[in-house]
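# Fold and contact review
Okay, here's what each chain looks like letter by letter:
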Amino acid sequence: MNWRLGIGVAAVIVALALGGWWWLSREPAPVPLGGYIEGDRLYLAAPTSGALARLDVREGDRIEAGAATFQIDPAVLAAQTESADAAVEAAEARAADLRQGQRAAELAVIDAELRAAEAEVREADAEFNRIEPLVRRGIYAPARLDQARAGRDSARAAAAAVRQRRQVAELGARQEAQRAAEAETVQARAWASEAGARLGQLAPVAPAAGRIEDVFYDPGEWVPANQPVLALLPDGRVRIVFFVPETEMAHYRAGRTVRFSCDGCAPGQAEIVWVSARPEFTPPVLYSRNNRDRLVYRVEARPTNPAQLNPGLPVDVEPLDAAQ
């Protein structure tokens, strides 16, 4: 019995020795890096004061890019937009009228005057042709020929004046007047475009997919100009912020992937997008007995599951090493 007891004791001692050797020789588990979730909100507002006519979202809603969010009462700006559109139509009509010249009825009057003037020219030519041979034969005095010649020249000049007036009537208004009318049209279009843009700004849409964090007004309340109506946290502006000891900084650079975990969220991965070039002391929120005096570098990473993360939530990041 004694030899069996000795063998058992020896086996226990060997097992304890092997276990102690394994415990002392194994590598210590890596200590997670401390950090937290951070997000930058977007505050959506309208540039014009007015009553909140419609609210399309609630706090906590997830929305996609381009989704409707709210609308300020558009009645005043809608009237201004209609007035601007009417001003554009009036300016375009005025410019077109100046370009096309006088109306057909006015041109018909000038045509009638031209026909009458040409008839007088023919009559004056016939009178001159009749008087000229008679003066050469001495039947009429030379003064009679001068009188006929003057009448002919006067009729021709009158016809030329009417013909020129007819051409001017077809040309329309002066070039200066046309350019002024065209400038007024451009100005009216600019006003209409500005009014339409202001009207569109009364109902902003979500610039990116994300979560509604806060709603500051209810329908019917008066919203001052440029005052945020709601706060949106876009998915692309959620990031993980953690701090790396200076002795381990060589392993961290933009483009590398880290794994993280947190309370209340599934473990995930994040791509490093920024590494600070300057060290800092451990932030107060991460103080502990082991790191209160360490210099650390701030690192930011973009998670692959931003929709599941809430800003302010603490996270643990698995350290990287050269082999990863």
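Note: the structure precedes this text.
Okay, so let's go over this structure. (Residues numbered from 1 in each chain as written. Predicted model: local features only at pLDDT ≥ 70, side-chain atom pairs only at ≥ 80, totals over all residues. Heavy atoms only, no water.)

## Section: the overall build of the chain
Secondary structure assignment for the chain yields five helices and 14 strands. Taken over 324 residues, the chain has a buried fraction of 30%. Restricting the contact set of the chain to residue pairs at least 6 apart, pairs at least 24 apart contribute 75%. (Helix = DSSP H or I, 4+ residues; strand = E, 2+ residues; numbered from the N terminus. Buried < 20%, exposed > 50% of the residue type's maximum accessible area, 1.4 Å probe, protein only. Contact = heavy atoms within 4.5 Å.)

## Some remarks on the pairing of strand 3 (residues 50–55)
Where strand 3 meets strand 7 (residues 222–223), two bridges bridge the pair, whose relative direction is antiparallel. The residue of strand 7 that forms the bridge with Ala 51 is Trp 222. (Pairing = 2+ DSSP bridges.)

## Quick look at the sheet that holds strand 8 (residues 230–234)
Spatial ordering of the open sheet is given by 2-8-6-4, a layout of four strands whose pairing is antiparallel. At either margin of the open sheet sits one strand with a lone partner, and together these are strand 2 (42–44) and strand 4 (62–63). With five bridges connecting them, strand 6 (residues 210–215) and strand 8 associate as antiparallel partners. The residue bridging Ile 212 from the neighbouring strand is Leu 232, located in strand 8.

## Side note on the state of the cysteines
Per the counting criterion, the structure on display carries one disulfide. Between the sulfur atoms of Cys 262 and its disulfide mate Cys 265 the distance is 1.5 Å. Between Cys 262 and Cys 265 the sulfur-sulfur dihedral comes to about 110°; the bridge is accordingly right-handed. Across the pair, exposure class does not vary: Cys 262 and Cys 265 are buried alike. (Disulfide = S-S within 2.5 Å.)

## A closer look at the sheet that holds strand 3
Taken in spatial order, the three strands make up an open sheet running 5-3-7, and their pairing is antiparallel. Two strands in the sheet have a free side with no partner beyond their single neighbour: strand 5 (70–72) and strand 7.

## Focus: the nonpolar core
If you look at the biggest cluster of nonpolar residues, it comprises 22 residues, and the most contacted ones within it are Ile 240, Phe 242, Tyr 252, Val 258 and Val 317. When residues of this core are assigned to their parent elements, the largest contribution, four residues, is made by strand 9 (residues 238–245). Setting aside residues up to four positions removed in sequence, Val 317 forms contacts with Pro 32, Leu 33, Ile 240, Phe 242, Val 258, Arg 259 and Phe 260. Formed by 16 residues, the second largest nonpolar core is a distinct cluster that contains Ile 63, Ile 72, Ala 206 and Tyr 217. (Core = buried A, V, L, I, M, F, W, Y, C linked by side-chain atoms within 4.5 Å.)

## Structural notes on the pattern of salt bridges
Counting across every chain of the model gives 15 salt bridges. Residues joined in a network through salt bridges with shared partners are Glu 38, Asp 40, Arg 239, Arg 298 and Glu 300. (Salt bridge = Lys/Arg side-chain N within 4 Å of Asp/Glu carboxyl O.)

## Things to note about the packing of aromatic side chains
Inspection of every chain in the model, using the stated rule, returns three aromatic pairs. Judged by centre distance (6.4 Å) and plane angle (40°), the ring pair of Tyr 36 and Phe 243 falls under tilted. Here Phe 243 lies in strand 9 and Tyr 36 lies in strand 1 (residues 33–39), a separation of 207 residues in the sequence. Judged by centre distance (6.4 Å) and plane angle (20°), the ring pair of Tyr 43 and Phe 216 falls under stacked. Taken together, the positions of Tyr 43 in strand 2 and Phe 216 in the loop between strand 6 and strand 7 put the pair 173 residues apart, joining distant regions of the chain. Residue Phe 216 is classed as partly exposed on the basis of its relative accessible area of 40%. A cation sits over an aromatic face here: Arg 152 above Phe 128, 4.2 Å from the ring centre. (Phe/Tyr/Trp six-rings, centres within 6.5 Å; stacked < 30°, edge-to-face > 60°. Lys NZ or Arg CZ within 6 Å of the ring centre and 35° of its normal.)

## A few points about the environment of Leu 199
The residue Leu 199 is located in helix 5 (residues 175–201) in this model. A relative accessible area of 26% places Leu 199 in the partly exposed class. Counting along the chain gives 151 residues from Leu 199 to Thr 48, while the straight-line C-alpha distance between them is 9.2 Å.

Fair warning: the whole summary comes from geometry, so function is off the table for now.
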